[in-house]
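Listed below are the residues making up each chain.
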Amino acid sequence: MDPITLALMAGSTLMSVGGQLIAGKGAKDAAELNAFNIETESLLVKAQGLDQGNRLRESFKETMASAEAVFSAFGRDVSDPSMQAYKKKEMYTLGKDISDVSMMTTLNQLKLKQQSVDERMRGKQAMTAAYLGAGRSLLKFGMDYQDLK
């Protein structure tokens, strides 16, 4: 076999193998970065949920203060049964709203966690495909070498 032909075949195979491995590593690294970004988004979702819950509590406090001021302006005591009923209803609504915010935050975090896992899996699969492609290139080189020998 001509040494130049062998060198060209070997060089071509090595370039193919190297390119496949570099592409696989690049895809895996990109998937890891995407997974990290998704996890960061999950933290932001949690922070937004906590903030929304805090804003609901503050709104409740302001509503109660306004209601007490109105009741006082009309000469009614804040311990009046109608005021207590109003307060109880508002507390129930607040609890339900905070529960809804908490549920949606949890669901969004679970969705993002699954996306992160999927992204990492995609990166691992890309790397596996690169290894298989590189192996196939090496086998093809071996078969071509045997054919030309």
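Residues numbered from 1 in each chain as written. Predicted model: local features only at pLDDT ≥ 70, side-chain atom pairs only at ≥ 80, totals over all residues. Heavy atoms only, no water.

Just checking my understanding: could you explain the pattern of salt bridges for this structure?
Proximity of charged atoms lets side chains of opposite charge pair with each other. Evaluated as defined, the whole model comprises 10 salt bridges. The salt bridge partner of Arg 120 is Glu 39, with a shortest N-O separation of 2.6 Å. Taken together, the positions of Arg 120 in helix H2 (residues 81-148) and Glu 39 in helix H1 (residues 3-73) put the pair 81 residues apart, joining distant regions of the chain. The class of Arg 120 is partly exposed, set by a relative accessible area of 27%. A salt bridge links Arg 55 to Asp 51, with the nearest nitrogen and oxygen atoms 3.0 Å apart. Linking Arg 55 with Asp 51, this pair stays in helix H1, spanning 4 residues, or about one helical turn. Each member of the salt-bridge network shares a partner with another, and the members are Glu 32, Glu 39 and Arg 120. (Salt bridge = Lys/Arg side-chain N within 4 Å of Asp/Glu carboxyl O. Helix = DSSP H or I, 4+ residues; strand = E, 2+ residues; numbered from the N terminus. Buried < 20%, exposed > 50% of the residue type's maximum accessible area, 1.4 Å probe, protein only.)

Help me out: how do you make sense of the side chain of Ser 42 in this one?
Checked against the element boundaries, Ser 42 lands in helix H1. Assessed through its relative accessible area of 12%, Ser 42 is described here as buried. Dropping the residues within four chain positions of it, Ser 42 is found in contact with Gln 109 and Leu 112. (Contact = heavy atoms within 4.5 Å.)

What am I meant to see in H1 here?
Because an α-helix completes one turn every 3.6 residues, residues spaced three or four positions apart along the sequence face the same direction. For H1, spanning 71 residues, the distance from its first C-alpha to its last is 103 Å, which sits close to the expected 105 Å at 1.5 Å a residue. Once H1 finishes, Gly 75 follows within two positions and takes phi at roughly 75 degrees, a positive value. (Expected span 1.5 Å × (residues − 1).)

Please explain a nonpolar patch on the surface as it appears in this structure.
Taken together, the side chains of Met 103, Met 104, Leu 107 and Leu 110 define a hydrophobic patch exposed on the protein surface, amounting to about 410 Å² of accessible area. Relative to the helices and strands, Met 104 is located in helix H2. (Patch = residues over 30% accessible without salt bridge, like charges linked within 9 Å, V, L, I, M, F, W, Y side chains within 5 Å. Areas by Shrake-Rupley, 256 points an atom, 1.4 Å probe, with all protein chains shown as cover.)

Looking at this structure, I do not really get the packing of H1 against H2. What am I missing?
When two helices pack together, their arrangement is given by the angle between the helix axes and the distance between those axes. Interaxial distance between H1 and H2 falls to 9 Å at its minimum, and their mutual angle equals 180 degrees. In this view, H1 runs roughly antiparallel relative to H2, as classed from their interaxial angle. When the residues that make up the contact of H1 with H2 are grouped by side-chain class, the tally is 33 nonpolar, 20 polar and 16 charged. (Axes fitted to C-alpha atoms, helices over the stretch in contact; angles between N-to-C directions. Parallel < 35°, antiparallel > 145°, perpendicular 65-115°, else oblique. Nonpolar A, V, L, I, M, F, W, Y, C, P; charged D, E, K, R; others polar.)

Help me out: how do you make sense of the side chain of Glu 119 in this one?
Looking at the element boundaries, Glu 119 is found in helix H2. Residue class for Glu 119 comes out buried when judged on its relative accessible area of 15%. Those residues in contact with Glu 119 that sit more than four places away from it in its chain are Ala 31, Asn 34 and Ala 35.

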